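What follows is each chain in one-letter form.
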Amino acid sequence: MTVNGGFISVIGAGTMGNGIAHVFAQHGFSVHLIDVSTEQLNKAINSISKNLDRQLSKAVITEEIKITTLSNIKTFSDLAEGVKQSQLVVEAATENTELKLNIFRQADAAAPLNCILATNTSSISITKIAAVTKRPESVIGMHFMNPVPVMKLVEIINGYSTKKDVTDTIIALSKQLDKIPCVVNDLPGFIANRILMPMINEAIYSLYEGVAGVEEIVTIMKLRMVHPMGPLQLADFIGLDVCLSILNVLHQGFGNPKYAACPLLINMVAAGKLGIKSGEGFYAYTAGNKDLVISKRFS
Ligand SMILES: NC(=O)c1ccc[n+]([C@@H]2O[C@H](COP(=O)([O-])OP(=O)(O)OC[C@H]3O[C@@H](n4cnc5c(N)ncnc54)[C@H](O)[C@@H]3O)[C@@H](O)[C@H]2O)c1
């Protein structure tokens, strides 16, 4: 089974969807980028163009690759239209179980029978998603990391029914995108987020309980753990709503209170402070300012 020469459909044109579309298009695939919001589709093409400019300025790509990458991407607001000729669908819509189940029902009904249906979910059960389709053996997790054009890892998650040749195809495809695939099994949070999210949650609890401020937490994590960025900045980068959804999946999935989200995280999401994408989280973000500024609330 291969996906050479066919269309790749990416559902969801947010933070991850635009990065996934960028990487496939840059490696010569024809991409159908699908979103319910046309505004989001326009924003995504803008972000891809800016990110290609950054790669161009660093001589990672040539002007010619920039042009072909952009011309390889077509946008759609109708899901059925966008997936009907695809060999692979990568779903990267909002991290919400019901929403993803609905998308998979629609994609299953509209995509060709031999099309692989992959999800970029950070935590939702691949087996549960696969179960709403008529092809559970062709459903798999293809979990890219943010920012997709830069990060090498693809965490591949086998659902209960995923066929070996589907896994092998996704492994080969990840390598074709110049990524490093790593195959794991389907339990809540898989590996990346099962380990990362409790750490982020604990950093938020430390701030909430007044053990230390944002600055002290980042300094200790960078110097002691040699992390390139602190956990609170990483949470802003991922999106605080995404972090909360993943913690909820871990909490419900394992039934263990150790995964319960910190009340401060719950409040920040309720207040619309989602991190970079909303302009404020633990840090404050203003267009054109590259300095890292701690949000007034925590400074
Ligand atoms: N943000 C991260 O760092 C990160 C990293 C790895 C994986 N993920 C996962 O990737 C997925 C997307 O996350 P994101 O951060 O890009 O979210 P996002 O909020 O930036 O984007 C989600 C997009 O999905 C679109 N959408 C919602 N419903 C839709 C539908 N029915 N059909 C088509 N499009 C729809 C929204 O309009 C939006 O553009 C989630 O499953 C998330 O867990 C996120």
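This one's a predicted model, so the numbers in the text were calculated from it and none came from an experiment.

Visitor: In this structure, what is going on with the overall build of the protein? I would like to understand it.
Guide: For the protein, the helix and strand inventory stands at twelve helices and ten strands. If one aligns the C-alpha atoms of the protein with their principal axes, the spans along those axes are about 55 × 45 × 35 Å. Surface exposure of the protein reaches about 14,400 Å², of which carbon and sulfur atoms provide 55%. Between the averaged position of the 26 positive side-chain charges in the protein and that of its 25 negative side-chain charges there is a distance of 1 Å.

Visitor: Help me understand the site of the ligand in this model?
Guide: Around the ligand there are 25 residues in total, and M16, D35, E95, K100 and S122 lie nearest to it. Within the contact set of the ligand, an oxygen atom lies 2.9 Å away from a side-chain nitrogen or oxygen of N120. In the environment of the ligand, a nitrogen atom lies 2.9 Å from a nitrogen or oxygen atom belonging to the backbone of I238. Ranked by residues supplied to the shell around the ligand, first place goes to helix α5 (residues 97-110) with three residues. Of the residues that constitute the shell around the ligand, the class distribution is eleven nonpolar, ten polar and four charged.

Visitor: Just checking my understanding: could you explain the sheet that holds strand β2 (residues 30-34) for this structure?
Guide: For sheets, the rule is that strands pair by backbone hydrogen bonds, running either parallel or antiparallel. Sheet architecture is open: eight strands sit in the order β3-β2-β1-β4-β5-β6-β7-β8, paired in mixed fashion. The open sheet is flanked by β3 (73-76) and β8 (180-185), the only strands paired with a single partner. For this sheet the average axis-to-axis angle between neighbouring strands, irrespective of direction, equals 25 degrees. In terms of strand pairing, strand β5 (residues 116-119) meets strand β6 (residues 139-144) through three bridges, oriented parallel. When the sheet's bridge partners are listed, L117 is paired in β6 with V139. Relative to β3, helix α2 (residues 38-57) is tilted by about 160 degrees, and along the sheet it contacts β2 and β3.

Visitor: Sorry, what's going on with α2 here?
Guide: Along an α-helix, residues three or four positions apart point the same way, because every turn accommodates 3.6 residues. Helix length check: α2, at 20 residues, gives a terminal C-alpha distance of 29 Å against a target of 28 Å (1.5 Å per residue), a fit within 8%. Residues L41, A44, I48, S49, L52 and Q55 constitute the buried set of α2. One side of α2 holds all its buried residues, which, seen down the axis, span an arc of 135 degrees. In α2, the exposed positions that point more than 90 degrees away from the buried face belong to E39, N42, K50 and S57.

Visitor: I would appreciate a short explanation of the nonpolar core in the present structure.
Guide: The nonpolar side chains of a soluble globular protein tend to be buried, and buried together. Core analysis: the biggest nonpolar cluster contains 33 residues, and I20, F24, L33, L88, M142, F144 and I170 have the highest contact counts within it. Per element, the largest residue contribution to this core is six residues, and it comes from helix α1 (residues 15-26). Each residue touching I170, except ones within four places of it in the same chain, is listed here: L88, I116, I140, M142 and I156. Formed by 30 residues, the second largest nonpolar core is a distinct cluster that contains M197, A203, L264 and L265.

Visitor: How do you make sense of the packing of helix α8 (residues 192-208) against helix α12 (residues 263-270) when you look at a structure like this?
Guide: It is the contact of α8 with α12, at a shortest axis distance of 8 Å, that shows an interaxial angle of 95 degrees. Judged by the angle between their axes, α8 and α12 are roughly perpendicular. In this structure, α8 uses I204, Y205, L207 and Y208 to contact α12, whose residues at the interface are P263, L264 and L265. By residue class, the composition of the contact of α8 with α12 is seven nonpolar, no polar and no charged.

Visitor: Could you clarify how one ought to interpret the environment of I156 in this entry?
Guide: Along the chain, I156 falls in strand β7 (residues 153-158). Its relative accessible area of 0% is what places I156 among the buried residues. Separated by 49 residues in sequence, I156 and A107 have C-alpha atoms that sit 20 Å apart. Among all residues touching I156, those that are not within four sequence positions of it are I140, G141, T167, I170, I171, S174, P181, C182, V183 and V184.

Rules used throughout
- Note on numbering: residues in each chain are counted from 1, in written sequence order.
- Per-residue local features of the predicted model are confined to residues with pLDDT of at least 70, and side-chain atom pairs are confined, for both listing and counting, to 80 or more; whole-chain, interface and lining totals are unaffected and use all residues.
- The side-chain figures draw on all heavy atoms in the structure; neither hydrogens nor water molecules are used.
- Helical segments are the DSSP runs of H or I of at least four residues, strand segments are the runs of E of at least two, and each set is numbered from the N terminus.
- Computed with the Shrake-Rupley method and a 1.4 Å probe, the accessible areas treat only the protein chains shown as cover for residues.
- The charged-residue count follows a simple rule in which Lys and Arg add positive charge and Asp and Glu add negative charge, with His and chain termini not counted at all.
- A charge is said to be at NZ when it belongs to Lys, at CZ for Arg, at CG for Asp and at CD for Glu.
- Summary of the distance rule: residues count as near a molecule or strand when at least one heavy atom falls within 4 Å of that molecule or strand.
- We call two N or O atoms a polar contact when they sit within 3.5 Å, provided that within protein one can donate a hydrogen and the other can accept it, with sequence-adjacent residues counted only if both atoms are side-chain atoms.
- In this classification, the charged set is Asp, Glu, Lys and Arg, the nonpolar set is Ala, Val, Leu, Ile, Met, Phe, Trp, Tyr, Cys and Pro, and all remaining amino acids, among them Gly, are polar.
- At least two bridges found by DSSP between two strands are what make those strands a pair.
- Fitted lines through C-alpha atoms serve as axes, helices being fitted only where they are in contact, and the angles separating the N-to-C directions of these axes extend from 0 to 180 degrees.
- Contacts are assigned to residue pairs with any non-hydrogen atoms lying within 4.5 Å of each other.
- The span you would expect from a helix comes to 1.5 Å times its residue count less one.
- To sort residues, take the accessible area from a 1.4 Å probe on protein chains only and compare it with the maximum for the residue type: under 20% means buried, over 50% means exposed, and anything in between is partly exposed.
- Regarding the arc, it is the one traced by the directions from the helix axis to the C-beta atoms.
- We define the nonpolar core as a collection of buried residues of types Ala, Val, Leu, Ile, Met, Phe, Trp, Tyr and Cys that are connected through side-chain atoms lying within 4.5 Å of one another.
- Throughout, the term roughly parallel applies to angles under 35 degrees, roughly antiparallel to angles over 145, roughly perpendicular to angles from 65 to 115, and oblique to all others.

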